[in-house]
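What the coordinates show
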Amino acid sequence: MSYQPHTSEDVDRMLAALGLDDVDQLFQPIPSDLRAPADLDLPRPHAEQEVAAELGRLAARNRHLDELTCFLGAGVYDHYVPASVWYLAGRGEFATSYTPYQPEMSQGVLQALFEYQTLISELTGLEVSNASLYDGASAVAEAATMAVAATGRSELLVSAAVAPRVRELLETYSQGLDLKLVEVGALDGRTDLEELRDRAGDQTAGVLLAQPNFFGVVEDVAAAAELAHGAGAKLLVSFDPLTAGVLEPPGRLGADIVVGEGQGLGNHPNFGGPAFGFLACDPADVRRLPGRLVGQTVDSTGRRAFVLTLQAREQHIRREKATSNICTNQTLNAIAAAVYLAWLGPQGLEELGQLCLRAARYAADRLTRIPGVRLAFPDQPFVKEFAVRLPADPAEVGRRLVDHGLLAGLPLAGLAPGLEDGLLVAVTERRTRADIDRLADAMATVLADLGAGQAQGGAGGPVAAGDGRREGEGVGR
Amino acid sequence: MTNAEATPRLHFEAVPWAAGMLDAEPERLVFERSSPGRRASSFPDGGGLPEVDPDTALPAGFRRTAPVRLPEVSERDLVRHYTRLAHRNYAVDLGFYPLGSCTMKYNPKVAEAAAALPGFARLHPAQPAEQVQGALELLARLEHALCELTGLAAATFQPAAGAHGELTGLLIIRAHHEARNDPRRRVVIPDAAHGTNPASVRLAGFEVTTVASSPEGLVDLDALERVLDTDVAAFMITNPNTLGLFERNIARVAELVHGVGGQLYYDGANFNAILGKARPGDMGFDVVHLNLHKTFATPHGGGGPGAGPLVVAEHLADFLPAPVVVKDGPGGSGGPRGGPPEGTFYRWDADRPRSIGRVHGWNGNFGILVRAFAYLLANGGDGLRGVAERAVLNANYLLERLSTAYQLGYPSRPVMHEFVLSARKQKGQGARGLDIAKGLIDRGFHPPTVYFPLIVEEALMVEPTETESLETLDSFADAMLEIAAQAATDAHPLHEAPVTAPVGRLDEARAARQLVARWHPPSDPDQATSDPADEGPPDKPTS
């Protein structure tokens, strides 16, 4: 299958115009000893139907979320994607366009991004949003860079209740930056604000929390903001925008930079990408904003129009003095998010949040009625995700539940010290009461088969039982 | 407001997409279509889930206090709005898009269909390996192909774009030097480099040293030698370079860089030119990032998502971001239905003590990798060589047609997949590069990249790609020659261009000086952000 339109007559005519006999003469600048070997181990050409069949074979070797009922989250969630979202975002005029550097012929993408920026501003409670970043994790690193630049300080206090993957990425990015990461522990599943108070000082550029955090727990953003600001630092919050229907946007609680993973906003899980990251900040920080920004202006006849603006921040102008190296971002996924949010509307956003809240609380209630299963942080508020402790190895329980058509959640062993028996369970609006009942019933069966949790109170698992309130202590330290 | 004389004629293959739109009222913002109580969304009633009172479920102070002002529209409103916005956007699916350095080739639809399969799109990245064998097999086979094409040893798929790959590669180079107790501070780049190069160098904690190009537009070997010393971590270069010229002294460059213990970095933005014809690894490169949204025909999405996988030589493989895909079980092929042999198992290997760590939350832009793999299979090795050949043929043919009216930025020929014209002559006649670009919009074509590379005055950087036909190239050339003729007789109409696009030329300085980056309801206090200190944007290169 070739996508080149040239007939052999075309090639002959073009070569004749160039006074050449053979296309290979055009490769004469490449020294002959640098020509690629002819026997590269590459596939043969395939007809389109063969390509479709092979990709179909590979796809069929994966067990996807239409086959398995998903309670797995940890940053990527099985939210419903309305049919209109990719019907519209997938249109060729959006999908096959380049970055809108020629605004007169790119008003579609530019206006969609301007609307996206407005929507992100509404969700986060901050005035200025950029036009998207790679993902939620790298958005955190970009926010950290902003905080360092804004304060002239280099220390970032990172809550242990921020997802381990995000903290790993920060470690990677910090290798090249003047950025020192200092962990602040989590107490009972929540950022330890006392420790934060002790650690925040005149070297602190920023404080990073997640809302809700990795364990699904809702953090006290306002209190953290007060502590950060008291030390002259910025508060950075990684926010799940799907909870904005029930939670106060972090920007209204004092957060200075709000970032997050946008996957749940109309994007499929896609095995982790493409989705997008978002970043919103105060107008005072706009000069340090990474990535692209769309602004409103007028055309030569005075009509409203949109254009990429403040490009003097960007790498193609500022080169080594740029605020970031972001060039290609995740525009199409951001457009999908804009379509999704317009589909949702304010009532939809609230209903979605309520449904998540109801389903998650029902799931927590059903699961903790299984002998030996307890909430890891029973006193903490959550919206759509929570951690339970199991009286058997969560990875093994998860494996067995796959036979019941269930993806039970994320085993926390190795991800959160003190929670080796933990399972992180996510419940979106897609999960029905029947799904949750099926999870609870199957988990009870699996645990019984494993001989675990028979006695009330949960002895018999790999981790000794104790008072729920105390168990969370030290998690993430 | 247009008259027949002022409206340029449309050439064959030109897109009449915008004709007649000038007087049309622009599409309103989705917020301005909003009407209280209207909605597109619907949710199940909860099917017997107990009601929850948020006032008790969430502590006061955590709960939302004010409505999130999303638009209130019906599904019909939603579909019409975004369809109308789509109509106000140019795209490869509509017409020729000769943006230099951007490789705007045709995006095959079989790849879209593949990526949308639930077995790919509806996979959760935290699913255990035994549930995602097809996805891991795809990654392993794509990695093998990229290693073959680059002549290198191992790859990571985490980088989501080219610049992300650059940062990853530079952090790997940093780790390599540090592991040898030989930390270094500088990275050398040519003055013609993409803007992402110096920005990535800074993010990776290095200082930038720029080296000038020679009069023929290649790396100046003497100048390079002068800046090379044992403090140089790497030399970062595109080959063919941003002038579309193959660096024929690349083996000598590699010798010089390696001679001081530096690493040679290949910016893969221009890889389309040498696909299957020459390999960076054979030229001495140690690190390569590829832009799959360029070379492997995945759609650019209006500015992403892309994919910027990084391929490295054996001595750097341990530093790649973890985890990487590994294959256990019998070697060889020939399993059932063309799959791997019985007993093969793919898994993530996260036990990589020398790894620089993660650069993406999960596995990069997997959906883009699926499309790239489909493209790889469709073309096969022979087809990919043909891609490079036709891309280079198209560029040289188009250059031949345009060289009668436009000067070449640097005189060297043949070029590879792209070339850089200078509108120096037209500027003297009163038409700048920007005017020529806007004149092309009126003639139904997307302009080339303008004002890049910076070393060419009034640069017009043209990359036709291999998927354009002779007729399209001729039609575009006719439009370019017509513009040159217009400039030679009377440049003024070009200053007014475009007159047929959905909007006329924009006041870009105003956008920067009076920043309005979001919509506010008319009742809102004016929260428009502005910063009068801004001096407005400089001439902007676009690619």
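Residues numbered from 1 in each chain as written. Chains lettered and ligands numbered in written order. Predicted model: local features only at pLDDT ≥ 70, side-chain atom pairs only at ≥ 80, totals over all residues.

1. Description of the overall build of chain A
Across its full length, chain A holds 14 helices and 17 strands. Dimensions of chain A along its principal axes, counting C-alpha atoms only, are 90 × 55 × 50 Å. Burial statistics for chain A: of 477 residues in total, 65% are counted as buried. (Helix = DSSP H or I, 4+ residues; strand = E, 2+ residues; numbered from the N terminus. Buried ≥ 20, exposed ≤ 12 C-beta atoms within 10 Å, placed from the backbone.)

2. As for the confidence of the model for chain B
Residues and elements named next belong to chain B. A residue-level look at chain B finds 92% of positions with pLDDT of 70 or above and a mean pLDDT of 92. Here residues 1–5 is a poorly scored stretch, pLDDT under 50, and it has five contacts once near neighbours within four places are set aside; other chains count. Contacts for the low-pLDDT stretch residues 528–543, under 50 throughout, to residues beyond four places or in other chains number 46 contacts. In the predicted assembly, ipTM is 0.95 and pTM is 0.95. (pLDDT = per-residue confidence, 0-100. Contact = placed C-beta atoms within 7 Å.)

3. Regarding the domain arrangement of chain B
All names here are of chain B. When the domains of chain B are assigned, the result is domain 1 (1–34 + 70–107 + 387–509) and domain 2 (123–364). When each unit is reduced to the centre of its C-alpha atoms, the spacing between domain 1 and domain 2 is 32 Å. Each side of the interface is counted separately: domain 1 has 23 residues, and domain 2 has 26 residues. Counted by class, the side of domain 1 that touches domain 2 contains 15 nonpolar, six polar and two charged residues. (Domains from an automatic or database assignment. Nonpolar A, V, L, I, M, F, W, Y, C, P; charged D, E, K, R; others polar.)

4. Here we look at the domain arrangement of chain A
By domain assignment, chain A separates into domain 1 (83–340) and domain 2 (345–471). Contact residues are listed per partner, giving 15 residues for domain 1 of chain A and 20 residues for domain 2 of chain A.

5. Topic: the sheet that holds strand β12 (residues 449–450) of chain B
Residues and elements named next belong to chain B. If you trace the four strands from one edge of the open sheet to the other, you get β10-β11-β13-β12, paired in antiparallel fashion. Looking along the sheet, the strands with just one partner apiece sit at the ends: β10 (407–408) and β12. Across four bridges, the pairing between strand β11 (residues 419–422) and strand β13 (residues 459–462) is antiparallel. Counterpart to V420 in the pairing with β13 is M461. (Pairing = 2+ DSSP bridges.)

6. Considering the interface of chain A and chain B
Size of an interface, as often reported, equals the accessible area lost when the parts are brought together. Listed as interface residues are 172 residues of chain A and, on the opposing side, 184 residues of chain B. Here the residues of the side of chain A that touches chain B sort into 86 nonpolar, 52 polar and 34 charged.

7. Regarding the nonpolar core
In terms of nonpolar packing, the biggest core is built from 349 residues, with V207 and V339 of chain A together with A374 of chain B touching the most fellow members. Counting residues per element, this core draws most heavily on helix α11 (residues 331–367) of chain A, which supplies 23 residues. Each residue touching V207 of chain A, except ones within four places of it in the same chain, is listed here: L157, L196, A200, A224, A228, A233, L235 and L236 of chain A. (Core = buried A, V, L, I, M, F, W, Y, C linked by C-beta atoms within 7 Å.)

8. A closer look at the sheet that holds strand β10 (residues 277–281) of chain A
Across a sheet, paired strands are connected by hydrogen bonds in the backbone, their directions being either parallel or antiparallel. An order of β2-β10-β9-β8-β7-β3-β4 (chain A) is seen for the seven strands of this open sheet, with the pairing classed as mixed. The open sheet is flanked by β2 (128–129) and β4 (180–184) of chain A, the only strands paired with a single partner.

9. A short note on the environment of L218 of chain B
Relative to the elements of secondary structure, L218 of chain B occurs in the loop between β3 (207–211) and α8 (221–227). Once you skip the residues sitting within four places of it in the chain, L218 of chain B turns out to touch S213, L245, E247 and N249 of chain B.

10. Overview of the confidence of the model for chain A
The share of residues in chain A with pLDDT of 70 or more is 95%, and the mean pLDDT across the chain is 94. Ignoring residues within four places in sequence, the model shows residues 455–477 of chain A, a span with pLDDT below 50, making 59 contacts including any to other chains.

11. Here's the deal with helix α15 (residues 470–489) of chain B
Relative to the 28 Å expected for 20 residues at 1.5 Å per residue, α15 of chain B spans 28 Å between its end C-alpha atoms, a close match to the ideal helical length. Of the residues making up α15 of chain B, those classed as buried are T472, L473, S475, F476, A477, A479, M480, I483, A484, Q486 and A487 of chain B. (Expected span 1.5 Å × (residues − 1).)

12. Focus: the pairing of strand β7 (residues 204–211) of chain A
Residue and element names in this part refer to chain A. With eight of eight residues buried, β7 lies mostly within the body of the structure. Bridge count for strand β3 (residues 155–159) against β7 is four bridges, and the pairing is parallel. Directly across from L157, in β7, lies its bridge partner V207. Relative to strand β8 (residues 234–239), β7 is paired through six bridges, and the arrangement is parallel. Within the sheet, the bridge partner assigned to V207 lies in β8 and is L235.

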